[in-house]
Amino acid sequence: MRALVWHGKEDIRCDTVSDPEIENPRDAIIKVTSCAICGSDLHLFHDLIPAMLPGDIMGHETMGEVVEVGSVAKGKLNKGDRVVIPFTIQCGECDQCRRGNFSLCQRSNRKGDLGDKAFGHRTAGLFGYTHLTGGYPGGQAEYLRVPFADTTHIKVPDGIEDEKLLFLSDILPTGWQAAVQADIQPGDTVAVWGCGPVGQMTIRSAILLGAEQVIAIDHLPERLSMAKAAGAITINFEQESVVARLNELTKGEGPHKCIDAVGSESHVNPGQPDTLLDRAKQMMMLENDRPHVLREMIYVCRPAGVISIIGVYTGLVDKIPMGQAMNKGLTFRMAQAHVPRWTGDLLHRIEDGQIDPSFVITHKVNLSDGPEMYRTFRDKADSCIKVMLRP
Amino acid sequence: MPLTNITHIARSHGDPWVLRKGPSSLTSADQLARALGWFSIGLGVVELIAPGRIARTLGLEGKEGTIRAYGLRELASAVPTLSIDKPVGLAARIAGDALDLGTLSTALRPDNPKRNNAAVATALVLGITLLDIVAYAGAKAVHSRERGKKRDYSDRAGLPKGLQSSRGLARKDFKTPPDYRAEGTVADALPAKAS
């Protein structure tokens, strides 16, 4: 089969690889009908996340049709079923899964000893990601083996196009969780840093959850235009001071809820000198992430407000103003999305016409164009926001 | 050394393996930049550990400190050249080339017995400068955001029921789960009043 394969820093290729096979009775194989490139794939593309191996298959936003089912998964999943595959792999039985913390599944990371060493305690297995999270082959491919397939799937009905359903795999529940974990209440002012695909879903989620004022922060005009389309007030951080403008919009009080949809790779901008220092440290392996957004959120957030972190961080960060955070009594909530916790509800909202996630797709290409699209997406060229791939 | 070598991480038995490689996302400009980055590291290390030998070969005795400083400069420019911010590193290399040529020009004086060596070194640096300029222009072009069209997405709300109807729509049937509540109200925290 064809698959997008990681060969090293900035080196993705559309290779011919061997087909996946059922390895465990709980497995299933799906024929991929659509998949996508995620912003967190760029962290792998940039080799910022350790423990990737040349030959690893990329991708964790995937949907398709079941073509083979292991003996244990049969019944819960059958040949011909149309499914979206969450980016997190979950057993459904461990303590964390029972609590709904699916991205912290204690059993699905097949390289859990590495996860224990890296994170203190293992987290869930993820598709197409580092070997710290199991090193499972990803779904930017023609076929995908789904481990724990009896619990790691979202059945979706026929009659709704892939474009509307694919993002149940990651960015829609991720954006939704970002808003939910901020505990958005009607009347809140919510500031969202980053208008990439997850930021866009977060903005829509905040609107649906009743935020009175949603403020979107970015510097790319096309992304800001998409945020504005959903009713957000926009701030271009290259043209105005984020802190001054947020205070102006909140009568000097600051936003009730601040959401980080940027994460590790904050934009490097001479107007924000800390980003230059972070980038220099990152190049010399003195710091893993560039946490400019975290610093700004902590500074500007209203006392007793909530900081919700959904952008991916990879390791160590410097100069986080914990004194400000502690004295202002801020609440921090963060996690990789617990995808299946939200997907039943979100599928209903798609069917009901409350949200149509296909709005975010700017590029639809064949899988073999994937390597080129990684570059286009990375460089934000051609006004690229979200790439959908068809095998 | 990559973490994967230290920890002996290996792909699991049964995972798909590569049968035939396709074209890489790395462009020729990226590959040239990488080669120049590694060259910078090699030259920088030599300049740091053997400045006396370089000075004697070129007839630049007394400039060992300068050569050592240039070694540090080479290493410093190698870091961004090997990173994803290649144009920054390559620009630093071009500026460094100018410094190198300036220093070498002092060795081309007629009374320098190593004048021929200095001439060969100058020709090599000129060649490398040309490569740096080619790599810089290539890297700037392939990493440019200006590729393709500029689009406006202000018609992409993604909220089919319209903005006004969508605000708070999920509140009709969604309640924030108790484990996701981050803030309560004073009223919530007070004991219920006896009626």
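Note that the structure is a prediction, hence the values are computed from the model and not measured. Residue positions within a chain follow its written sequence, with the count starting from 1. By the order in which they are written, chains take letters starting at A while ligands take numbers starting at 1. Local features are withheld for residues below a pLDDT of 70 in this predicted model, meaning they are given only at 70 or higher, and side-chain atom pairs are given and counted only at 80 or more; totals for whole chains, interfaces and linings count all residues. For side-chain calculations, the full set of non-hydrogen atoms in the structure is used, while hydrogens and water are omitted.

### Some details on the overall build of chain B
Definition in use: Secondary structure follows DSSP: runs of H or I at least 4 residues long count as helices, runs of E at least 2 residues long count as strands, and numbering of each begins at the N terminus. Throughout, radius of gyration means the C-alpha value; the globule benchmark is 2.2 Å times the number of residues raised to the power 0.38. The classification of residues rests on relative accessible area computed with a 1.4 Å probe and restricted to protein chains. Under 20% of the type maximum is buried, over 50% is exposed, and intermediate values are partly exposed. For this analysis, residues touch if any pair of their heavy atoms sits within 4.5 Å.
Each helix and strand in chain B was counted, giving eight helices and one strand. Secondary structure elements of chain B, listed N to C terminal, follow the sequence α-β-α-α-α-α-α-α-α. In terms of overall size, chain B is more extended than a compact globule, its C-alpha atoms giving a radius of gyration of 30 Å where 195 residues would be expected to give roughly 16 Å. For chain B, the C-alpha atoms occupy an extent of roughly 105 × 45 × 45 Å along the three principal directions. Across the 195 residues of chain B, 36% fall into the buried class. Put simply, 68% of the contacts in chain B that link residues at least 6 apart link residues at least 24 apart.

### Some remarks on the sheet that holds strand β12 (residues 213-218) of chain A
Residues and elements named next belong to chain A. As a reminder of what qualifies: By definition, two strands form a pair when at least two bridges between them are found by DSSP. Geometry is summarised by axes, namely lines fitted to C-alpha atoms with helices restricted to the contacting stretch, and by angles between N-to-C directions that run from 0 to 180 degrees.
Taken together, the six strands give an open sheet; going across it, the order is β13-β12-β11-β14-β15-β16, and neighbouring strands pair in parallel fashion. Pairing within the sheet leaves two strands with one partner each, and these edge strands are β13 (233-236) and β16 (331-334). For this sheet the average axis-to-axis angle between neighbouring strands, irrespective of direction, equals 20°. One ladder, built from four bridges, connects strand β11 (residues 189-193) with strand β14 (residues 257-260); its direction is parallel. Looking at β14, one finds that V190 is bridged to K257.

### Comments concerning the side chain of T81 of chain B
All names here are of chain B. The cut-off we apply is this: Here a polar contact is taken to be a pair of N or O atoms separated by no more than 3.5 Å, where protein atoms must pair a possible hydrogen donor with a possible acceptor and residues adjacent in sequence count only if both atoms sit in side chains.
Following the sequence through the fold, T81 ends up in helix α4 (residues 64-82). Under the relative-accessibility criterion, T81 is labelled buried at 0%. Looking at T81, its side chain comes within polar contact range of the main-chain oxygen of S77, at 2.6 Å. A polar contact is formed between the side chain of T81 and the backbone oxygen of G89, at a distance of 3.4 Å. When sequence neighbours within four positions are dropped, the list of residues in contact with T81 reads A33, G37, K86, G89, L90 and R93.

### Some details on unusual backbone geometry
Residues and elements named next belong to chain A. The phi angle at D183 is positive, at roughly 55°, despite the residue not being glycine. Position of D183 relative to the elements: it lies in the loop between α5 (171-181) and β11. Positioned with a positive phi, K319 is a non-glycine residue whose angle comes to about 55°. Structurally, K319 is set in the loop between β15 (306-309) and α11 (322-327). For K319, a relative accessible area of 61% puts it in the exposed group.

### A few points about the nonpolar core
Nonpolar side chains tend to gather and get buried jointly when the protein is soluble and globular. Residues and elements named next belong to chain A. Note the following rule: Here, nonpolar core means buried Ala, Val, Leu, Ile, Met, Phe, Trp, Tyr and Cys residues that are tied together by side-chain atoms lying within 4.5 Å of each other.
F167, L168, W176, I184, I203 and V360 are the most contacted members of the largest nonpolar core, which totals 103 residues. Contacts of I203, omitting those with residues within four sequence positions, involve V192, C195, V214, A216, A227, A230 and A232. Core analysis: the next-biggest nonpolar cluster, separate from the first, contains 21 residues, L249, V293, L294 and I309 among them.

### Some words on the interface of chain A and chain B
We count it as follows: A quick way to say it: buried area is the sum, across both parts, of accessible area lost when two parts are put together, with a 1.4 Å probe. Here, a salt bridge means any Lys or Arg side-chain nitrogen found within 4 Å of an Asp or Glu carboxyl oxygen. Note on residue categories: nonpolar means Ala, Val, Leu, Ile, Met, Phe, Trp, Tyr, Cys or Pro, charged means Asp, Glu, Lys or Arg, and polar means any other residue, Gly included.
Each partner contributes residues to the interface: chain A has 92 residues there, and chain B has 64 residues. For the pair chain A and chain B, the two sides together bury roughly 6,500 Å², of which 51% comes from carbon and sulfur. Run the count over chain A and chain B and you get eleven salt bridges. Note that R349 of chain A and D173 of chain B form a salt bridge whose closest N and O atoms lie 2.9 Å from each other. Ranked by residue count, the leading element in the side of chain A that touches chain B is strand β2 (residues 11-17) of chain A, at seven residues. Grouping the amino acids of the side of chain A that touches chain B by side-chain chemistry returns 40 nonpolar, 23 polar and 29 charged. Pairing between β2 of chain A and strand β1 (residues 18-20) of chain B: two bridges, direction antiparallel. Among the inter-strand pairings, T16 of chain A is bridged to a residue of β1 of chain B, identified as R20 of chain B.

### A word on helix α10 (residues 292-300) of chain A
With eight of nine residues buried, α10 of chain A lies mostly within the body of the structure. Within α10 of chain A, the full set of buried residues consists of H292, V293, L294, R295, E296, M297, I298 and V300 of chain A.

### A short note on the state of the cysteines
Residue and element names in this part refer to chain A. In plain terms, the rule: The term disulfide is used for any two cysteine sulfur atoms that are within 2.5 Å.
Enumeration over the complete set of coordinates arrives at zero disulfides over all chains. In this structure C195 is not part of a disulfide, and its nearest cysteine sulfur, from C258, lies 14 Å away. The structure places no disulfide on C384, whose sulfur is separated from the nearest cysteine sulfur, that of C38, by 12 Å. Look at C384 and you get buried, because its relative accessible area is 0%.

### Examining the pattern of salt bridges
Residue and element names in this part refer to chain A. Summed over all chains, the structure comprises 43 salt bridges over all chains. Here R26 makes a salt bridge to E93, at a shortest N to O gap of 3.5 Å. Within this pair, whereas R26 is found in the loop between β2 and β3 (28-37), its partner E93 is found in the loop between β7 (88-89) and α2 (95-98), the two being separated by 67 residues in sequence. Residue classification places E93 among the partly exposed residues on the basis of a relative accessible area of 40%.

### Concerning the domain arrangement of chain A
Residues and elements named next belong to chain A. Just so we agree on the cut-off: Reported domain spans reflect what an automatic or database domain assignment gives.
We note that the domain assignment places domain 1 (2-170 + 337-390) and domain 2 (175-334) within chain A. Between the C-alpha centres of domain 1 and domain 2 the distance comes to 26 Å. Taken residue by residue, the interface counts 26 residues in domain 1 and 17 residues in domain 2. Across the domain 1/domain 2 interface, buried area totals approximately 2,000 Å², and carbon plus sulfur atoms make up 72% of it. When the area that domain 1 buries against domain 2 is broken down by residue, the three leading residues are L48, F359 and I385, summing to 30%.

### Describing the pairing of β12 of chain A
Residue and element names in this part refer to chain A. A large share of β12 lies buried, amounting to six of its six residues. Side-chain alternation along β12 places Q213, I215 and I217 on one buried face and V214, A216 and D218 on a second face that is also buried. Relative to β12, β11 runs parallel, the two being bridged by five bridges. Paired with W193 across the two strands is I217, which belongs to β12.

### Things to note about the packing of aromatic side chains
Selection criterion: Centre distance within 6.5 Å is the pairing criterion for rings of Phe, Tyr and Trp, where only the six-membered ring of Trp is used; planes under 30 degrees apart are then read as stacked, over 60 as edge-to-face, and the remainder as tilted. Only when the NZ of Lys or the CZ of Arg is both within 6 Å of the ring centre and within 35 degrees of the ring normal is a charge said to sit over the ring.
Scanning the entire structure with this criterion turns up three aromatic pairs over all chains. Geometrically, the ring pair formed by W176 of chain A and F174 of chain B is edge-to-face, given 5.1 Å between the ring centres and 75° between the ring planes. You can see W176 of chain A sitting in helix α5 and its partner F174 of chain B sitting in the loop between α7 (163-166) and α8 (186-189), one on each of two chains. Summarising the burial analysis for this pair, W176 of chain A and F174 of chain B share the class buried. Residue placement shows R333 of chain A over the ring face of Y180 of chain B; its charged tip is 4.8 Å from the ring centre.

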